[in-house]
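Coordinate inspection notes
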Amino acid sequence: VSDELQQVYQFRNPDVNVEVWFVALGSELAGNAGMKAFLAEHGTELRGSVIINLNALGAGDLSLIEKEGKYRRVSASSRMKRYMKKAAGIDSSTASIKWSESASSVALRHGFQAMSIVGMDGSKPAYFGQGDDVLENIDPDTLYRNSDFVMELLKNI
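Position numbers for residues start from 1 in each chain and track the written sequence from start to end. Thresholds applied to this predicted model are a pLDDT of at least 70 for local features of residues and 80 or more for the giving and counting of side-chain atom pairs; totals over whole chains, interfaces and linings are not thresholded and use all residues. Excluded from the side-chain calculation are hydrogens and water; included are all heavy atoms of the structure.

1. Some remarks on helix 3 (residues 78-86)
- Along helix 3, the residues classified as buried are Met80, Tyr83 and Met84. The arc that holds every buried residue of helix 3, seen down its axis, measures 100°, which confines them to one face. Among the exposed residues of helix 3, those pointing more than 90 degrees away from its buried face are Ser78 and Lys85.
- Check the buried side of helix 3 and you find it contacts strand 2 (50-55), strand 3 (61-68), strand 6 (113-121) and helix 5 (140-156). Here's how the labels work: a residue is buried when its accessible area is under 20% of the maximum for its type, exposed when over 50%, partly exposed in between, all with a 1.4 Å probe on protein chains only. Each helix is a run of DSSP H or I of at least 4 residues and each strand a run of E of at least 2, with the numbering of both proceeding from the N terminus. Within this analysis, the arc is defined by the directions that extend from the helix axis to the C-beta atoms. When checking whether two residues touch, look at their non-hydrogen atoms; a contact exists if any pair is within 4.5 Å.

2. Describing the side chain of Thr142
- For Thr142, the location among the structural elements is in helix 5.
- A residue is classified by how much of its surface remains accessible, and Thr142, at 8% relative accessible area, is buried.
- Polar side-chain contacts of Thr142 include one of 2.5 Å to the side chain of Asp139.
- Not counting residues up to four positions away in its chain, the partners in contact with Thr142 are Leu57, Gly58, Ala59 and Gly60. N or O atoms closer than or at 3.5 Å make up a polar contact, with two conditions inside protein: a donor-capable atom paired with an acceptor-capable one, and, for residues adjacent in sequence, both atoms drawn from side chains.

3. Concerning the environment of Ala107
- Positionally, Ala107 belongs in helix 4 (residues 103-109).
- Remark: the alpha-carbon pair of Ala107 and Gly43, spanning 64 residues in sequence, is separated by 9.5 Å.
- In this view, Ala107 contacts Met35, Leu39, Ile51, Phe112 and Ala114; residues no more than four positions away in its chain are not counted.

4. Thoughts on the side chain of Asn146
- Along the chain, the position of Asn146 falls in helix 5.
- In contact with Asn146, other than residues within four places in its own chain, are Leu57 and Leu62.

5. As for the pairing of strand 3
- Two strands qualify as a pair provided DSSP detects at least 2 bridges between them. As judged from the 4 bridges shared by strand 3 and strand 6, these two strands associate in the antiparallel manner. When the sheet's bridge partners are listed, Leu62 is paired in strand 6 with Gly119.
- As defined by bridge partners, strand 3 adjoins strand 5 (residues 93-97) across 5 bridges and the pair is classed as parallel. Residue pairing in the sheet places Ser63 in a bridge with Ser93 of strand 5.
- Taken together, the 2 bridges between strand 3 and strand 4 (residues 74-75) define a ladder with antiparallel strand orientation. Bridging across to strand 4, Lys67 finds its partner in Ser75.
- Once strand 3 ends, the chain turns through 5 residues before running back antiparallel as strand 4, passing Gly69 with a positive phi of about 130°.

6. What to know about the confidence of the model for the protein chain
- Confidence per residue, as judged by the predictor, is encoded in pLDDT with a range of 0 to 100. For the protein chain, per-residue confidence averages 80 on the pLDDT scale, and residues scoring 70 or more make up 85% of the total.
- By mean pLDDT, the top-scoring element of the protein chain is strand 2 (89), and the lowest-scoring one is helix 1 (residues 3-10) (68).

7. Regarding the packing of helix 3 against helix 5
- The axes used here are C-alpha line fits, helices contributing only the stretch in contact, and every angle between their N-to-C directions lies in the interval 0 to 180 degrees. One can describe the packing of helix 3 onto helix 5 by two numbers: an axis separation of 8 Å at closest approach and a directional angle of 120°. Viewed along their axes, helix 3 and helix 5 adopt a mutual orientation that is oblique. The chirality of how helix 3 crosses helix 5 is right-handed. On helix 5, the residues that touch Tyr83, Met84 and Lys86 of helix 3 are Phe149, Leu153 and Asn156.
- Per-class residue counts for the contact of helix 3 with helix 5 are 4 nonpolar, 1 polar and 1 charged. Should an angle lie under 35 degrees it is considered roughly parallel, over 145 roughly antiparallel, and from 65 to 115 roughly perpendicular; all remaining angles are considered oblique. The sense of a crossing depends on the near helix, which, turned anticlockwise from the far helix by less than a right angle, makes the crossing left-handed and, turned clockwise, makes it right-handed. Under the scheme applied, nonpolar residues are Ala, Val, Leu, Ile, Met, Phe, Trp, Tyr, Cys and Pro; charged residues are Asp, Glu, Lys and Arg; polar residues are all the others, including Gly.

8. Thoughts on the nonpolar core
- Among the nonpolar cores identified, the biggest contains 15 residues, and Ile52, Met80, Met84, Met115, Ile117, Phe149 and Leu153 are the most heavily contacted of them.
- Sorting the residues of this core by element identifies strand 2, strand 3, helix 3, strand 6 and helix 5 as the ones contributing at least two each.
- In plain words, nonpolar cores are sets of buried Ala, Val, Leu, Ile, Met, Phe, Trp, Tyr and Cys residues tied together by side-chain atoms within 4.5 Å. Within the second largest apolar cluster, 12 residues are counted, among which are Trp21, Met35, Ala103 and Ala114.

As C-alpha cells, this is what we get:
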C-alpha cells in the first residue's frame, strides 16, 4: 500500500464523525446493477454514512436532485439540502429527475442517507446517454468549479 493510501487509512480527527462514500458505479441504464451490487457487498459498512452520487460535473448547471424515481419517487432529505446550502459561496440549485433513478435513489430506498449532485442540462444530466457524452465535452472550468463545491460540501457534512 502506498504511503498516501496508508495515511488515509490511519486518518483520525475528532471533528470528523461521518463517513462519506462517493459512488460512480455505472449501470444506471441497466437497473442500477452497480449500486445494487455495491450495497450487497458493503451495506453493513455503510450504516451511518452519507452516500453521494456524482454525475456530469464537467458540464451543465450544478444541482442537487431533490426528487427522483420513475415509479416510486424518493426525495433528498432535509439534512442533505442543508449540507448543500451550507456549502456557501458557490451557486447550486435543485432539480428533479422523475423519469429515471440513480444510485442515490437505490441507496435511499435501502434506508441510507444519500444525495445526487448532477450537472443538469435542462431536465436531464448533461450529455446523459447521448452520442456526444465524450471526454471532449467536459468543460475544465466547470469541472474545477464543481469540484470546489464538492470539497466545500465535504467540509459541511
